[in-house]
Amino acid sequence: EDILRAKLANADALIHLAGENRPKTPEGFNTGNVKFTDTLCELMFELDVKIPILFSSSTQAILNNAYGQSKRSAEIRIESYSKASGNTAVIYRLPGVFGKWCKPNYNSVVATYCNNIATGLPIRIDDPTYIINLVYIDDVIDSFIEWLKGPSLSGTSFKAIDPVYQISLGELAKQLQEFAKSQKSLVSERVGSGFLRALYSTYVTYLPRDKFEYPIPCHGDERGVFVEMLKTKDSGQFSFFTAHPGITRGGHYHHTKTEKFLVIKGNARFRFRHILTDEAFSVDTSGKIPTIVETIPGWSHDITNNGDDELIVMLWANEIFDHDKPDTIARIIENEKA
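The shown structure was predicted, so the numbers you read here are calculated from the model rather than taken from an experiment.

(A) Main features of the packing of helix α4 (residues 109-119) against helix α7 (residues 194-204). Following both chains from N to C, one finds α4 and α7 inclined at 55°, their axes separated by 9 Å at the closest point. Judged by the inter-axis angle, α4 sits oblique to α7. Of the two elements, α4 crosses α7, and the hand of that crossing is right-handed. Across from Val110, Cys114, Ile117 and Ala118 in α4, the residues of α7 making contact are Leu199, Thr202 and Tyr203. Classifying every residue of the contact of α4 with α7 by side-chain character gives 6 nonpolar, 1 polar and no charged.

Here you go:
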């Protein structure tokens, strides 16, 4: 209590995250959730501190179980103190919280599934159709900070985190397994926004150190190498290739596929010829001046290393290469007119 008293006396706010959800005996719920909150309130009364109070409760506070009842009792203590002291308070009834550093095999199914799938351990699913509600830790902290920076109102309010994500246990496991497969398939899930962004960010934090890196296929011949780095569900793929001095790569056209080339190192000449009009021209680029070169359907194209050093080129195509339908038709460019 001496430590708590000293901290409260100099605090700008009280953020009460402490709690017990897996005690060794049922009495632990009362000790960890109710009595500790009582102690905090009594000390603040004693010190007569005027600071905002943020309390992390649980959505189970409305349920008839020992944990939920203890969290509801703690809420009542906070409400009573706020009313008596005039200090503003907010109560967050949190569902399952997920994100980096959450302890696996404890009280978060996301943490347990992430840890086990990332490390190759089995997972247990009692009911794959069971729906869980989840909030991401970054959204929780952002909401906490937003409230603390807001106007200091009187009384107690209840606040929820937005957004809340819903997913079944079966779908959660399936999605995490797709993340695990991506190191071999090179196909990334749609992890740029929303729930999948947060879940993927969480999953990779459970990877063991030997999975921080992984080899990818490299196809080489006398011209250089070609390496596919990343494939996406609906936005194509990223690759790179090299070419030795004097080497020409390409010499084909596409009906629908489009590409973007970026020379990273060396000098290159891109040649184009329209397959119907025979119009031709060329573009010279260098790694010294970053320049995107587009390939257009219906235009045959190739790229030649016209420098003295190795040529390295980054490539994006708008679709994953399909061996059964490559949309790549050979057409050598000869007698360039431009």
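(B) Representation of the nonpolar core. In this structure, Phe98, Leu172, Leu176, Leu199 and Tyr203 are the most contacted members of the largest nonpolar core, which totals 23 residues. Of all the secondary structure elements, the ones that give two or more residues to this core are α4, β5 (131-136), β7 (165-168), α6 (169-185) and α7. Among the elements that make up this core, the one with the highest residue count is α4 (6 residues). By size, the runner-up hydrophobic cluster in this structure holds 15 residues, among which are Leu14, Leu43, Ile51 and Ala74.

(C) Looking closely at the sheet that holds strand β6 (residues 156-159). Judged by pairing direction, the sheet is parallel, and its 4 strands sit side by side in the order β1-β2-β3-β6 without closing on themselves. Strands with a single pairing partner mark the edges of an open sheet, and in this sheet they are β1 (14-16) and β6. Neighbour-to-neighbour, the strand axes of the sheet open up by a mean angle of 20°, direction not taken into account. With 3 bridges connecting them, β1 and strand β2 (residues 53-58) associate as parallel partners. Its bridge partner lying in β2, leucine 14 is registered against isoleucine 53. Taken strand by strand, helix α2 (residues 27-47) contacts β1 and β2, and its axis lies near 170° from that of β1.

(D) Quick peek at the packing of aromatic side chains. Applying the stated criterion across every chain, the model contains 12 aromatic pairs. For the ring pair phenylalanine 29 and tyrosine 67, a centre distance of 6.0 Å and an interplane angle of 50° mean the geometry is tilted. Of this pair, phenylalanine 29 sits in helix α2 while tyrosine 67 is found in helix α3 (residues 66-85), placing the two residues 38 residues apart along the sequence. Judged by its relative accessible area of 13%, phenylalanine 29 is buried. Relative to phenylalanine 195, the ring of tyrosine 165 lies with its centre 5.1 Å away and its plane at 45°, an arrangement referred to as tilted. Of the two residues, tyrosine 165 sits in strand β7 while phenylalanine 195 sits in helix α7, which places them 30 residues apart along the sequence. Exposure class is identical for tyrosine 165 and phenylalanine 195. Each is buried. A network of ring pairs unites the aromatic residues Phe98, Tyr136, Tyr165 and Phe195 as a single cluster. In this structure, lysine 100 is placed above the aromatic ring of tryptophan 101, and the distance from its NZ or CZ to the ring centre is 5.0 Å.

(E) Structural context of unusual backbone geometry. Cis peptide bonds are those with omega within 30 degrees of zero, and the linkage from aspartate 162 to proline 163 qualifies with 5°. Tracing the sequence through the fold places proline 163 in the loop between β6 and β7. Phi is positive for leucine 186, which is not a glycine, with a value near 65°. Tracing the backbone through its elements, the reader meets leucine 186 in the loop between α6 and β8 (187-188). The exposure class assigned to leucine 186 is buried, which follows from its relative accessible area of 6%. At aspartate 278, a position not held by glycine, the phi torsion is positive, near 70°. If you trace the backbone, aspartate 278 turns up in the loop between β14 (267-274) and β15 (280-286). Relative accessible area serves as the criterion here: at 30%, aspartate 278 is assigned to the partly exposed category.

(F) How the structure looks around the pairing of strand β13 (residues 259-265). Strand direction decides the pairing type here: β13 and strand β16 (residues 292-295), joined by 4 bridges, are antiparallel. Bridge assignment links leucine 262 to a residue of β16, and that residue is isoleucine 292. By the bridge criterion, 6 bridges tie β13 to strand β18 (residues 311-317) in an arrangement that is antiparallel. Residue pairing for β18: lysine 260 is matched across the bridge by tryptophan 316.

(G) The arrangement of the pairing of β15 in detail. In terms of strand pairing, β14 meets β15 through 7 bridges, oriented antiparallel. Each bridged residue has a counterpart across the sheet, and for phenylalanine 270 the counterpart in β15 is valine 283. The turn joining β14 and β15, which pair antiparallel and follow one another in sequence, is formed by 5 residues; a positive phi near 70° is taken by aspartate 278.

(H) Main features of the state of the cysteines. Throughout the structure, instances matching the rule amount to 0 disulfides. Unpaired in terms of disulfides, cysteine 102 finds its nearest cysteine sulfur in cysteine 114, a separation of 9.3 Å. Judged by its relative accessible area of 0%, cysteine 114 falls in the buried class.

(I) Broad picture of α7. By the burial criterion, the buried members of α7 are Phe195, Ala198, Leu199, Thr202 and Tyr203. For α7, the angular spread of buried residues about the axis comes to 135°, placing them on one side. Contacts from the buried residues of α7 go to β4 (96-98), α4, β5, β7 and α6.

The rules behind the values
All residue numbers refer to position in the chain's written sequence, counted from 1. Selection of residues for local features in this predicted model requires a pLDDT of at least 70, selection of side-chain atom pairs for listing and counting requires 80 or more, and totals for whole chains, interfaces and linings are taken over all residues. Side-chain metrics rest on all non-hydrogen atoms present in the structure, leaving aside hydrogens and water. Simply put, an axis is a line fit to the C-alpha atoms, just over the touching stretch for a helix, and the angle between two N-to-C directions goes from 0 to 180 degrees. Numbering goes from the N terminus for both helices and strands, where a helix is a DSSP run of H or I of at least four residues and a strand is a run of E of at least two. Reported orientations rely on four angle classes, namely roughly parallel under 35 degrees, roughly antiparallel over 145, roughly perpendicular from 65 to 115, and oblique for the rest. Each helix crossing is assigned a hand: it is left-handed if the near helix lies turned anticlockwise from the far helix by less than a right angle, otherwise right-handed if that turn is clockwise. By definition in these notes, contact holds between two residues if any of their heavy atoms fall within 4.5 Å. Three classes are used: nonpolar for Ala, Val, Leu, Ile, Met, Phe, Trp, Tyr, Cys and Pro, charged for Asp, Glu, Lys and Arg, and polar for all others, with Gly counted as polar. Residue types Ala, Val, Leu, Ile, Met, Phe, Trp, Tyr and Cys, when buried and joined through side-chain atoms within 4.5 Å, form a set referred to as a nonpolar core. Remark: exposure states derive from per-residue accessible area (1.4 Å probe, protein chains only) relative to the maximum for the residue type, with buried under 20%, exposed over 50%, and partly exposed in between. For two strands to be treated as a pair, DSSP must find no fewer than two bridges joining them. Ring pairs shown here join Phe, Tyr and Trp side chains whose ring centres sit within 6.5 Å, with only the six-membered ring taken for Trp; geometry is labelled stacked below 30 degrees between planes, edge-to-face above 60, and tilted in between. Each ring is checked for a lysine NZ or an arginine CZ that lies within 6 Å of its centre and within 35 degrees of its normal; such an atom marks a charge sitting over the ring. Whenever a pair of cysteine sulfur atoms sits within 2.5 Å, that pair is classed as a disulfide. The directions from the helix axis to the C-beta atoms form the arc being described.

Treat this as a map of the structure, not an account of what it does.
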